[in-house]
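What follows is the residue order along each chain.
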Amino acid sequence: MSYANSQSKLEQSKKYLAGGVASTLRAAMKPTPLFAASGKGARIRDIDNNEFIDYLLAYGPLILGHAHPSLTSALTEASLTSVAYGLQHEGEIELARLLCEILPCADKVALSGSGTEAVMLALRLARAHTGRRKVVRFHGHYHGWSDAIFTSFPSADMKQSANSPESEAQILPGTGGQSERSLEDVILLPWNDFEALEKLLREEHGQIAAVISEPVMCNSGCIKPKENYLAFMRALTDELGIVMILDEVITGFRLGLGGAHGKYGLKPDLVTVGKALGGGIAISAVAGNAEIMKHIELGTVSHLGTLNGNAAATAAAISTLRELASNGGSAYIQMNEVTNELVAGIRKLLIKHQIPGILNREGPVFHMMFTEQSIVEDFQAFNQRDAALYSQFAELMLNEGVLVRTNGLWYVSAVHGQQEIKDTLHAVDHALKQLKIK
Ligand SMILES: Cc1ncc(COP(=O)(O)O)c(C=O)c1O
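Source: prediction; values computed, not measured.

(A) Fine view of the overall build of the protein. The number of helices and strands found in the protein is 13 helices and 14 strands. Taken over C-alpha atoms, the radius of gyration comes to 21 Å for the protein, in line with the 22 Å a tight globule of 438 residues would show. With respect to the principal axes defined by its C-alpha atoms, the protein has extents near 60 × 55 × 50 Å. Taking all 438 residues of the protein together, 56% fall into the buried category. Sequence-distant contacts, at least 24 apart, represent 72% of the contacts inside the protein between residues at least 6 apart. Only carbon and sulfur atoms are counted for the fraction: they give 52% of the accessible area of the protein, which is about 18700 Å².

(B) Looking closely at the pattern of salt bridges. Per the counting criterion, the structure on display carries 20 salt bridges. A salt bridge links Lys199 to Glu203, with the nearest nitrogen and oxygen atoms 3.3 Å apart. Note that Lys199 and Glu203 are positioned in helix H6 (residues 194-204) at a spacing of four residues, about one turn of the helix. Here the two residues Lys199 and Glu203 agree in accessibility, since each one is exposed. Linking Lys352 and Asp429 is a salt bridge whose minimum nitrogen-to-oxygen distance equals 3.1 Å. One end of the pair, Lys352, is in helix H10 (residues 311-352); the other, Asp429, is in helix H13 (residues 418-437), with 77 residues separating them in the sequence. Taken together, the shared-partner salt bridges connect Arg43, Arg45, Glu51, Glu420 and Asp423 into one network.

(C) Up close: empty space enclosed by the protein. Using the criterion set out here, one finds two cavities of 30 Å³ or more in the structure. Approximately 40 Å³ is the volume attributed to the second largest cavity. His367, Arg385, Ala387, Tyr390 and Asn407 are the residues nearest the centre of the second largest cavity, which is lined by twelve residues in total. Taken together, the elements giving at least two residues each to the lining of the second largest cavity come down to strand E12 (365-370) and helix H12 (387-399). In terms of residue count, E12 provides more of the lining of the second largest cavity than any other element does, four residues in total. When grouped by side-chain class, the residues that make up the lining of the second largest cavity number six nonpolar, four polar and two charged.

(D) Main features of the side chain of Asn50. Checked against the element boundaries, Asn50 lands in the loop between strand E2 (43-46) and strand E3 (51-54). A distance of 2.9 Å separates the side chain of Asn50 from the backbone oxygen of Ser2, its partner in a polar contact. Other than its neighbours up to four places away in sequence, Asn50 contacts Met1, Ser2, Tyr3, Ile44 and Arg45.

(E) How the structure looks around the sheet that holds strand E10 (residues 284-288). Strand order in this open sheet of seven strands is E4-E10-E9-E8-E7-E5-E6, and the pairing throughout is mixed. Of all the strands in the sheet, just strand E4 (108-112) and strand E6 (186-189) have a single pairing partner and so form its edges. Strand-to-strand twist of the sheet, defined as the mean angle between neighbouring strand axes without regard to direction, takes the value 20°. Pairing of strand E8 (residues 243-247) with strand E9 (residues 270-273) involves three bridges; the strand directions are parallel. Counted as the bridge partner of Asp247 is Thr272 from E9. Along the sheet face, H6 touches strand E5 (134-138), E6 and strand E7 (208-213) and points at about 155° away from the line of E6.

(F) Region of the structure containing the pairing of E8. The buried fraction of E8 amounts to five of the five residues, a majority that puts the element mostly inside the structure. In E8, alternate side chains face the same way, and those of Val243, Ile245 and Asp247 on one face and Met244 and Leu246 on the other are all buried. Note: E7 against E8, four bridges, orientation parallel. Across the sheet, residue Ala210 finds its bridge partner in E8, namely Val243. Read as a crossover between parallel neighbours, the route from E7 over helix H7 (residues 229-240) to E8 is right-handed.

(G) Region of the structure containing the sheet that holds strand E11 (residues 357-362). With antiparallel pairing, three strands are arranged side by side in an open sheet as E11-E12-E14. Here the strands that pair on one side only, and so sit at the sheet edges, are E11 and strand E14 (409-411). Neighbour-to-neighbour, the strand axes of the sheet open up by a mean angle of 20°, direction not taken into account. Bridge count for E12 against E14 is three bridges, and the pairing is antiparallel. Following the sheet pairing, Phe366 is matched in E14 by Trp410. Sitting on the sheet, H12 touches E12 and E14, and the angle it makes with E12 is about 115°.

(H) Structural detail: the layout of surface pockets. Of the voids in this model, the second largest pocket is the one considered here, and its volume is about 310 Å³. Around the second largest pocket, the lining comprises 19 residues; the ones closest to its centre are Gln88, Glu92, Leu111, Asn308 and Gly309. Only helix H3 (90-102) and E4 provide two or more residues apiece to the lining of the second largest pocket. When residues in the lining of the second largest pocket are grouped by element, the largest group, three residues, is from H3. Residues that form the lining of the second largest pocket fall into these classes: nine nonpolar, nine polar and one charged.

(I) Structural context of the nonpolar core. Formed by 55 residues in total, the largest nonpolar core has its most connected members in Leu99, Leu201, Phe253 and Leu277. Per-element accounting of this core gives the leading share, eight residues, to H10. Looking at this core, you find at least three residues from each of domain 1 (4-67 + 329-437) and domain 2 (69-323). Ignoring sequence-local partners within four residues, the contact set of Leu277 consists of Leu95, Leu99, Phe253, Ile283, Ser284, Ala285, Ala316, Ala317, Thr320 and Leu321. Formed by 28 residues, the second largest nonpolar core is a distinct cluster that contains Leu342, Phe393, Val402 and Ile421.

Calculation notes
- Residues numbered from 1 in each chain as written.
- Predicted model: local features only at pLDDT ≥ 70, side-chain atom pairs only at ≥ 80, totals over all residues.
- Heavy atoms only, no water.
- Helix = DSSP H or I, 4+ residues; strand = E, 2+ residues; numbered from the N terminus.
- Rg over C-alpha atoms; globule rule 2.2 N^0.38 Å.
- Buried < 20%, exposed > 50% of the residue type's maximum accessible area, 1.4 Å probe, protein only.
- Contact = heavy atoms within 4.5 Å.
- Areas by Shrake-Rupley, 256 points an atom, 1.4 Å probe, with all protein chains shown as cover.
- Salt bridge = Lys/Arg side-chain N within 4 Å of Asp/Glu carboxyl O.
- 1 Å grid on protein atoms, 1.4 Å probe; cavity = no way out; pocket = protein on both sides within 12 Å on 5 of 7 lines; lining within 4 Å.
- Points joined across faces, edges and corners; volume = space filled by probe spheres on them.
- Nonpolar A, V, L, I, M, F, W, Y, C, P; charged D, E, K, R; others polar.
- Polar contact = N/O pair within 3.5 Å; in protein donor to acceptor, adjacent residues only side chain to side chain.
- Pairing = 2+ DSSP bridges.
- Axes fitted to C-alpha atoms, helices over the stretch in contact; angles between N-to-C directions.
- Right-handed = clockwise from strand over helix to strand, strands pointing away.
- Core = buried A, V, L, I, M, F, W, Y, C linked by side-chain atoms within 4.5 Å.
- Domains from an automatic or database assignment.

Interpretation in functional terms is not warranted from these geometric data alone.
Have a look at this one:
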């Protein structure tokens, strides 16, 4: 497979676009960051005319695949009447109403542009509501790249790698140019550790505004919460007057229409959603408890953003949610069945090729990693995976016509089907064979 056009485009791009890519993560792709030409359904085409089955799905948002007809027509219609007003419009009310119906924790919602912004707003609401400063977050979770929460993050495709034991103890900024002081109010804990959470919250609750957690540790190994862990977090935060924020930017509308909190029967105070909400168009939301959301109404917390709730984004989100809810939620059945088959097939192939590896999966998202361990249930175990070997695998998969993220996280869309499963397992078989020989 040739990537010559992508390679030369990257050089052109570097002349004008800082780093040659529009988001730092994308630079990690090997053998070169690909330049896309088009996408349709579960497949994407690059400018060298290579076609790939797409499990990157734009890092998660494309839950309906590429160029889904309902999204395309919603966007076309929006563009004919105007994509943005800077005034209120019907689409905002419609989307907010839908979100309040769909998300179990939502009395009210606020709309923003990205997951990062939604998390920023949620943290502010929590501080304003409690009058406290500190925020508890967990090792291996990612909550966007704002100064207030971006800690050094151990992902194979992020620049900084925090595998050293030192970084387990310290809170390091996630990037150069970020003041270390910005993290003074952040307390980092191991996740899934009942004792550590209880000890800290009981000792310091007078200072803690919020606990923020991914419901499934999707950003580091797709690790599930231990039984009752999130319910325990809920009970403890309730008792101590701490705001519980579930960051559902990945899990929202992916694990089910009601996200992880719907699936697990939880009622966090606030949730943040993004990615799948817009089906590929930039939009995010904070949803939650009316008492906390009222700080926006009161003006105690400013919620700003020129393009918040713009007509194109709200149209995209409404059509994505309607599509996901249609036919009794058959999209979720389809995504889960495809993921079942893929995960089972890949596990079999790992055994066939005698390559030790693990697939951790929750609904239509899974993490594939190469490791000698028989289970990966915490961040430390996750850090022992062979990330470099996986990155080679991802490159081999590309040559076999399958696009996967270099860190091991796979997303399945509602339009992946039997043909994609067959072609993907064939590609995995070939890639593993070559990996062994290398
Ligand atoms: C759990 C989680 N929260 C927040 C974010 C930030 O979202 P965005 O990239 O849209 O700013 C991400 C992005 O991957 C995420 O995975």
